Amino acid sequence: MNRRELHERLRPTLRWEAGLVVALVAIVLLGSLASDKFLTKGNLFYLCLSIGELAIMTLPLTLIIITGEIDLSVASILGLCSAMLGYLVLHGWSLGWAFLVVMALGVAAGLFNGVLVTRLGLPSLAVTIGTLTLYRGLAVVILGPNIVSTFPQRYTNIGVNPVGNSFLSWSVVFFLVLAVIFGVVLQLTPFGRSLFVIGQNKDAALYAGIRVKRVKLLLFVVSGFICAFAGILYTFRLSTAVQDNGLGLELNVVAIVLLGGVSIFGGKGSILGVVLAVAVYAALQNALFLTSFPQRAFGIVTGCLLLVSVLVPNAGSFVRRARAAWRRREARNTPAVEAN
Amino acid sequence: MTAASPAERAPSAGRIRTDRLIDIAYRLRAFGIVAALAILIVVTSIVQPRFLSGQEVNIVLGNTSILALLTLGEAMVIISRNVDLSVGSVLGLSAFVSGSTFGHLHGVPTGVAILVAFLVGIGVGAACGIVNGALTTIGRVPSLVVTLATLYIIRGIDILIIGGGQVVASSLPDSFFQISLRNFHNVPYLTMAVAVVIGIGAYYMRSYRSGRDLYAIGSNPDAARLVGIPSGRRVFTAFVLSGSIAGAAGVLWASKYGTLDSTAGSGYELQVIAAVVIGGVAIFGGSGSVIGAALGALLLSTILAALYVGGVSPFWTQAIAGAMILVAITIDRLISLQLTAALRRRRSREST
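Small disclaimer: the values here were computed from a predicted structure and weren't measured.

Undergrad: I'd love a proper account of the nonpolar core, names of residues and values included.
TA: The biggest cluster of nonpolar side chains holds 202 residues, and the ones touching the most others in it are Cys 81 of chain A together with Val 277 of chain B. Per-element tally for this core: the top contributor is helix α2 (residues 41–66) of chain A, with 15 residues. When neighbours within four sequence positions are excluded, Cys 81 of chain A is seen to be in contact with Val 102, Leu 105, Gly 106, Cys 227, Ala 228, Gly 231 and Ile 232 of chain A. Of all hydrophobic cores here, the second largest spans 6 residues; its members include Phe 51, Val 60, Leu 61 and Val 309 of chain B.

This is how it looks when you write it as structure tokens:
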């Protein structure tokens, strides 16, 4: 009985993640058929480089979406922190202090989002559309037309060198470590489980003694912190800080999280699914890059993936509804036939 | 019978007064935007008298027109508790496709060619709106996700169609540019046309049953379905209207900028939503007006112009636009809290 219960509970999520694994295998197979460069070490390293910061930002957003909120300002926080790092280095700060200030700035940005959402009770969608514009605007104010690329090579090497002899970039290693931490917190701690309760039924969570507002506030702060970290990595990878670093990435981050099986309504999702979605996204982008597919039109693929990921779970209920409607019509028609 | 009548009358009288209170609150909200606009204009023109020059007015109104037109469709969608993130992409696709129709219409009278361009642009927009609407209502996918996806897909299609090329201004007839250039004493005819369209939209939303239905769906989707409002059809219509309007806006964009590549209108959706929210439309639907949304667009572009004229570095514009969104939603929240508290007080007074 207990095992069956467990099985029942796991089935829907596992099915989604199994689907992602199948998709990933298919992409890897097709990719290596299409180009013999696909599975080379150099290409895989390039793949890791291209996805790292994006992947890191999906983790806190996953938790936020599970609680039924959203944070569209993630890429703007990345941009703001990158601009601030550039500004401080330009003004002769040592990197140690600059890191500290940048991380604090990320926390402050997240805290501001969180306070507006939880203490003023404003909808997070509207708040973070506002701060998306605000933080990006502040990045523009801080850096203006300056382009800073005087970072010490010791640090920028982190952005472009692989870890040891492997094909992994440092950003992907950070992502994997953070993913394990986030996964454990989400799946195995009371705090993590409470996020699902909040997402499924906020009032029930409140009556169960969960401090809903404080939890959400914390998540926004964590999101700011992690995005600041991603901002530092992003700056080092490109060795430049400009005002529009990471422009428009927020929608890619949201798309990957939803592709990972996280419900936009909250209450459902897993870190494993999101990690797999990151892999699917990166592999697909890379495979298409090796073919003649125009890189800038990759949005078509992102969009279709997103649609498929939300339409497929609905397909079952759609078929059921259609069948029910058909049966109703049959039932209405049948007496008429008998009357004849 | 006589004893029962005061008791019968009391709640209905209470309801009338309650309605009036809500009405006053929303009028004050719209009045707030107008007041902010007036203060802004007075202060800026004292600092820099050039701000009220005909040329400057012409520029501001010209910049507002396309944005204000887009807020009309977006406001309808948002009032029904949905959102259309794809308007920027639709605008870009429509601008390119309609702009390139002129290349295929050699020897056709320009008047006819312009008409064809508008029909093509609106058609492209309507097709996008149909896809958005169908996925949202039939596919039962939240519109935030649907339009996020179509934002990417439509932009991608735009990039694929354009390839490396672009529409250059020299391939477009001169009278096409005149659409956004001609003006009456520095008020562009385009602005007047947009104002008329928004007026029609406002009348529809205020006085037509299907318009009111959008408010009902937005304030309580379940209740709307229970009272028999065809929610799916209404929301579908709102998306098709929003798409068609974005398509028309794309043609106007082509007429305004002439040279078009695949980045036309990218990121514009956030400005449109910002204007709608600043204009007092609640992001989760059910309240606000299309006139308010258009005033929001006017306020947004006036502030940006004022900063420019006032000598503030253009680097500040984006940050200020962001701050304005936050101020607007905070004010809305405070108003609605005050309103709820006032209604509760009144109700408790009536019951005692």
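Undergrad: Report on unusual backbone geometry, specifying residues and quantitative values.
TA: Residue and element names in this part refer to chain B. Its identity as a non-glycine residue notwithstanding, Arg 140 has a phi of 55 degrees, on the positive side. Counting through the fold element by element, Arg 140 comes out in the loop between α4 (110–137) and α5 (143–162). Using a count of 14 C-beta atoms within 10 Å as the deciding quantity, one classes Arg 140 as partly exposed. The phi dihedral of Asn 186 is positive, around 70 degrees, even though this residue is not glycine. Along the polypeptide, Asn 186 turns up in the loop between β1 (183–184) and β2 (187–188).

Undergrad: I'd like a rundown of the environment of Glu 56 of chain B, residues and numbers included.
TA: Residues and elements named next belong to chain B. By the secondary structure assignment, Glu 56 is in helix α2 (residues 54–79). The exposure class assigned to Glu 56 is partly exposed, which follows from the 19 C-beta atoms found within 10 Å. In this structure Glu 56 touches Arg 50, Phe 51, Ala 305 and Val 309, once residues within four positions along its chain are discounted.

Undergrad: Just give me the short version of α5 of chain B, but keep the residues and values in it.
TA: The α-helix advances 3.6 residues per turn, and as a result positions three or four apart in sequence lie on the same side. All names here are of chain B. Counted at 1.5 Å a residue, the expected span for α5 with its 20 residues is 28 Å, and the 27 Å between its end C-alpha atoms agrees. Within α5, 17 of the 20 residues are buried, which leaves the element mostly enclosed by the surrounding structure. The positive-phi residue at the C-terminal boundary of α5 is Gly 163, with phi of around 60 degrees.

What counts, and where the lines are drawn
Residues numbered from 1 in each chain as written. Chains lettered and ligands numbered in written order. Predicted model: local features only at pLDDT ≥ 70, side-chain atom pairs only at ≥ 80, totals over all residues. Core = buried A, V, L, I, M, F, W, Y, C linked by C-beta atoms within 7 Å. Buried ≥ 20, exposed ≤ 12 C-beta atoms within 10 Å, placed from the backbone. Helix = DSSP H or I, 4+ residues; strand = E, 2+ residues; numbered from the N terminus. Contact = placed C-beta atoms within 7 Å. Expected span 1.5 Å × (residues − 1).

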